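Report on the structure
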Amino acid sequence: MPRINAARRASREVRPGVETLDARLVLSLVAPAPKVATSLPSDPDLARQWGLNDPADVDINAPEAWRATTGSASTIVAVLDSGVDAANPEFRNRLWVNPAASGRGKPAYGWNFVGNNADVRDDYGHGTHVAGIIGAARDGKGIVGVDWNARLMILKVLDSRGGGDPAVAAAAVRFAADNGARVISVSWALDVYSQDLYDAIAHAGSRGAVVVVSAGNQGVNGDLRPVYPASFDLPNILVVAAVDRSGALASFSNYGAGTVDVAAPGVDVYSTFPSRSRYATLSGTSMAVPHVAGVVSLVVARHPDWSAERIVEHVKATVKPVAALAGVTSSGGIVDAAKAVGAPTSNPAPPIYPTATPPPRRGMVVAREVRPRPLRPAPAPALAARTIPAFQPRGVRMARA
């Protein structure tokens, strides 16, 4: 049976890669980026976010990119996951409001495709962590997202055990594209082909939406053992592998020069979580995907007229080459926000590597393996009925991360 797998894992092992850079990628010609009057965010836990900024430079060069753009409130990023902890201050004024589902004085921040209602509370934790990496607020507290200006559309497609139905997920993709999302973040995978999902992602591409997806956490060559949607041959998909702080491919991350496009930080990633501490450190290709989704969002802010296909090719062509990734992905590198938005990649002044103050360990939640029960598909929501194709309901189960 097809299954959706939440693509996270608590592994810290690494594995180097061994192939060659795809020479067919060509850097898109863009105008020099205008300078943005912005200082380094004062959020104290930025120093814990090595994926954004790290002395070893195995990061996405976020502070350098922020000198050119800090995103746009007109950009909508859809997070198709387990929901969000909207009570976390990091999401205050950061969430897209669904006008069709909101009541007087009670905004709905997307749609729950599992329960067919407006309740997008996160009862699993995965979605909150992903959403924080993409767009946590620049508010002088906690962490900061890659793009702190874009709006986050929360579409719940995973249940309390991290499982979901591919047809329902397809309905969410269509809903996102038809309601203005230019970026769709997908930190989960199927082990069986789904025509519903393929058609939905193709539809999203026709509406200008880039779909950023997980390469998967099986530690295998995706060219030989496909997972979906990573193995869909569609021009609006960006497939993401995970690297650790040394730049090596994480041992759990899938790879493949023919099916995986770029890599991003995905080991020991600190972000928001629905726990007493409000933050947690998780690992997985799930954590790599939102780094790339945030970069795509910054590119959309700079080039709102670009097609999804052009954005995908541009992001692949502007990676930071890493020897261990040569041939492991088609681009051979880590996504580079600064290059992608046309900003210089030299380190800005003042110093951008503040010393982290570790938060108290009490209440900290760390990634753990989950064994979910078999699921029955949830009904497609009436709110999105006009965009949902006919499908045969199929039970699903989530694979272990």
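Overview of the structure. (Residues numbered from 1 in each chain as written. Predicted model: local features only at pLDDT ≥ 70, side-chain atom pairs only at ≥ 80, totals over all residues. Heavy atoms only, no water.)

Mapped onto the elements, Asp122 comes out in the loop between strand 4 (110-112) and helix 2 (126-135). The buried charged residue Asp122 lacks any salt bridge, with Lys156 as its nearest oppositely charged partner at 5.1 Å. Of note is the side chain of Asp122, whose polar atom sits 3.0 Å from the backbone nitrogen of Tyr124. With residues up to four places along the chain from it excluded, the contact list for Asp122 reads Ser82, Gly83, Val84, Asp85, Gly127, Thr128 and Pro274. (Helix = DSSP H or I, 4+ residues; strand = E, 2+ residues; numbered from the N terminus. Buried < 20%, exposed > 50% of the residue type's maximum accessible area, 1.4 Å probe, protein only. Lys, Arg positive; Asp, Glu negative; His and termini not counted. Salt bridge = Lys/Arg side-chain N within 4 Å of Asp/Glu carboxyl O. Polar contact = N/O pair within 3.5 Å; in protein donor to acceptor, adjacent residues only side chain to side chain. Contact = heavy atoms within 4.5 Å.)

Between its first and last C-alpha, helix 4 (residues 195-206) extends 17 Å over 12 residues, near the 16 Å set by a 1.5 Å rise per residue. Taken together, the buried positions of helix 4 are Asp196, Leu197, Ala200, Ile201 and Ala204. For helix 4, the buried positions fall inside an angular range of 125° around the axis, keeping them on one side. Here the buried face of helix 4 lies against helix 3 (166-178), strand 6 (183-186), strand 7 (188-190), strand 8 (210-214) and strand 9 (237-243). (Expected span 1.5 Å × (residues − 1). Arc of directions from axis to C-beta.)

Now for the pattern of salt bridges. Summed over the entire model, instances satisfying the criterion amount to eight salt bridges. A salt bridge links Asp54 to Arg245, with the shortest nitrogen-to-oxygen separation between them at 2.6 Å. With Asp54 in the loop between strand 2 (14-15) and helix 1 (62-66) and Arg245 in the loop between strand 9 and strand 10 (249-250), this pair connects stretches of sequence that are 191 residues apart. By relative accessible area, Asp54 is classed as buried at 3%. With a closest N to O distance of 3.3 Å, Asp57 and Lys320 form a salt bridge. Taken together, the residues Asp57 in the loop between strand 2 and helix 1 and Lys320 in strand 14 (residues 320-321) connect sequence positions 263 residues apart. Here Asp57 falls in the partly exposed class, since its relative accessible area comes to 34%. Among the charged side chains, a network of salt bridges with common partners joins Asp57, Asp59 and Lys320.

Interaxial distance between helix 2 and helix 5 (residues 285-302) falls to 8 Å at its minimum, and their mutual angle equals 35°. The interaxial crossing formed by helix 2 with helix 5 has right-handed handedness. Every residue of helix 5 that contacts helix 2 at His126, His129, Val130, Ile133 and Ile134 is listed here: Ser286, Met287, Pro290, His291, Ala293 and Gly294. Looking at the contact of helix 2 with helix 5 residue by residue, the class counts come to six nonpolar, five polar and no charged. (Axes fitted to C-alpha atoms, helices over the stretch in contact; angles between N-to-C directions. Left-handed = near helix turned anticlockwise from the far one by under 90°. Nonpolar A, V, L, I, M, F, W, Y, C, P; charged D, E, K, R; others polar.)

This part is about the packing of aromatic side chains. Inspection of every chain in the model, using the stated rule, returns nine aromatic pairs. Ring geometry for Tyr193 versus Tyr228: centroids 5.5 Å apart, planes at 90°, classification edge-to-face. Remark: Tyr228 occurs in the loop between strand 8 and strand 9 and Tyr193 occurs in the loop between strand 7 and helix 4; sequence separation between them is 35 residues. Judged by its relative accessible area of 36%, Tyr193 is partly exposed. Note on Tyr228: relative accessible area 15%, which makes it buried. Ring pairing ties together the aromatic residues Tyr193, Tyr198, Tyr228 and Phe232, which thus form one cluster. We note Arg48 situated over the ring of Tyr270; from NZ or CZ to the ring centre the distance is 4.0 Å. (Phe/Tyr/Trp six-rings, centres within 6.5 Å; stacked < 30°, edge-to-face > 60°. Lys NZ or Arg CZ within 6 Å of the ring centre and 35° of its normal.)

This part is about unusual backbone geometry. Cis geometry is adopted by the peptide bond preceding Pro229, which originates at Tyr228 and carries an omega value of 15°. Relative to the assigned elements, Pro229 resides in the loop between strand 8 and strand 9. The backbone of Asn93 sits at a positive phi, close to 60°, despite the residue not being glycine. Of the residues examined, Asn93 reaches a relative accessible area of 74% and is grouped as exposed. In this structure, Asn116 is a non-glycine residue whose phi angle is positive, near 60°. Take Asn116: its relative accessible area is 29%, and that puts it in the partly exposed class.

Another point: the nonpolar core. Among soluble globular proteins, nonpolar side chains are generally buried collectively. Judged by nonpolar contacts, the single largest core of 115 residues is most densely connected at Leu155, Ile184 and Val296. Take this core: its biggest share by element is 10 residues, from helix 5. Once residues within four sequence positions are removed from consideration, Leu155 is found in contact with Ala78, Val79, Leu80, Asp81, Gly110, Trp111, Phe113, Ala172, Phe175 and Ala176. (Core = buried A, V, L, I, M, F, W, Y, C linked by side-chain atoms within 4.5 Å.)

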